[in-house]
Amino acid sequence: MIGIKKQFYTMLENENTTLIKAIGTKIRELRRNQSMSQEVLSFEASVPRNQIGRIERGEINTTVTTLNKICKVLKIEIKELF
């Protein structure tokens with residue numbers, strides 16, 4: 001039973017990682033399409049620049065609040081990230 005439980009949690013973790021990376025990739029793509037640097041996005045969204053980089057690389061699972069700030073600067077609705 002323990003093995004099945006571990007497999008289940010590993011599967012969920014992999015799905016989460018895939019989603020987090022996909023969102024980060026989408027943010028990077030949108031930012032670059034607007035010829036915007038991470039520094040400008042960081043400043044306008046009031047999010048530390050290193051956090052923007054970690055989000056774009058899919059290294060962190062950021063909050064909905066932070067995603068909303070980023071989306072406002074990129075002039076998109078949050079649903080466009082998904």
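Coordinates for the structure precede this section.
In this report, the structure presented in the accompanying data block is examined. (Residues numbered from 1 in each chain as written. Predicted model: local features only at pLDDT ≥ 70, side-chain atom pairs only at ≥ 80, totals over all residues. Heavy atoms only, no water.)

**Some points on the overall build of the chain**
When helices and strands are counted, the chain shows four helices and zero strands. When the helices and strands of the chain are placed in sequence order, the string is α-α-α-α. Residue burial in the chain is summarised as follows: out of 82 residues, 33% are buried. Relative to all contacts within the chain whose residues are 6 or more apart in sequence, the contacts with residues 24 or more apart total 55%. Accessible surface, the chain as shown: approximately 5,800 Å² in total, 55% of it carbon and sulfur. (Helix = DSSP H or I, 4+ residues; strand = E, 2+ residues; numbered from the N terminus. Buried < 20%, exposed > 50% of the residue type's maximum accessible area, 1.4 Å probe, protein only. Contact = heavy atoms within 4.5 Å. Areas by Shrake-Rupley, 256 points an atom, 1.4 Å probe, with all protein chains shown as cover.)

**Some remarks on the pattern of salt bridges**
The full count for this structure, using the stated rule, is six salt bridges. The residue Arg57 makes a salt bridge to Glu59 at a minimum N-O spacing of 2.9 Å. In this structure Glu59 comes out as partly exposed when scored by relative accessible area, which is 49%. Ionic contacts of the salt-bridge type, sharing partners, join the residues Arg28, Arg31 and Glu56 into one network. (Salt bridge = Lys/Arg side-chain N within 4 Å of Asp/Glu carboxyl O.)

**Re unusual backbone geometry**
We note that Ser35 has phi near 50°; this positive angle belongs to a residue other than glycine. For Ser35, the position within the fold is in the loop between helix 1 (2-33) and helix 2 (38-45). A positive phi is found at Lys75, a non-glycine position, where the angle reads about 60°. One can find Lys75 in the segment after helix 4 (64-74). On the basis of relative accessible area, Lys75 is assigned to the exposed category, the value being 74%.

**Description of the nonpolar core**
Core analysis: the biggest nonpolar cluster contains 16 residues, and Ile27, Leu41, Ala45, Ile70, Leu74, Ile76 and Leu81 have the highest contact counts within it. Among the secondary structure elements, those contributing two or more residues to this core are helix 1, helix 2, helix 3 (49-56) and helix 4. Element by element, the count of residues in this core is highest for helix 4, at five residues. Beyond its immediate chain neighbours, meaning those up to four positions away, Ile27 contacts Leu41, Ile55, Glu56, Leu67, Ile70, Leu74 and Leu81. (Core = buried A, V, L, I, M, F, W, Y, C linked by side-chain atoms within 4.5 Å.)

**A word on helix 3**
Those residues of helix 3 that fall on the buried side of the exposure criterion are Gln51, Ile52, Gly53, Ile55 and Glu56. Downstream of helix 3 by one or two residues, Gly58 has phi in the positive range, about 75°.

**With respect to the packing of helix 2 against helix 4**
The interhelical angle for the contact between helix 2 and helix 4, taken along N-to-C directions, is 115°, at an axis separation of 9 Å. Comparing the axis directions of helix 2 and helix 4 gives the class roughly perpendicular. As helix 2 packs across helix 4, the resulting crossing turns out to be right-handed. Mapping the contact onto sequence places Leu41, Glu44 and Ala45 in helix 2 and Lys69, Ile70, Val73 and Leu74 in helix 4. A class-by-class count of the residues in the contact of helix 2 with helix 4 yields five nonpolar, no polar and two charged. (Axes fitted to C-alpha atoms, helices over the stretch in contact; angles between N-to-C directions. Parallel < 35°, antiparallel > 145°, perpendicular 65-115°, else oblique. Left-handed = near helix turned anticlockwise from the far one by under 90°. Nonpolar A, V, L, I, M, F, W, Y, C, P; charged D, E, K, R; others polar.)

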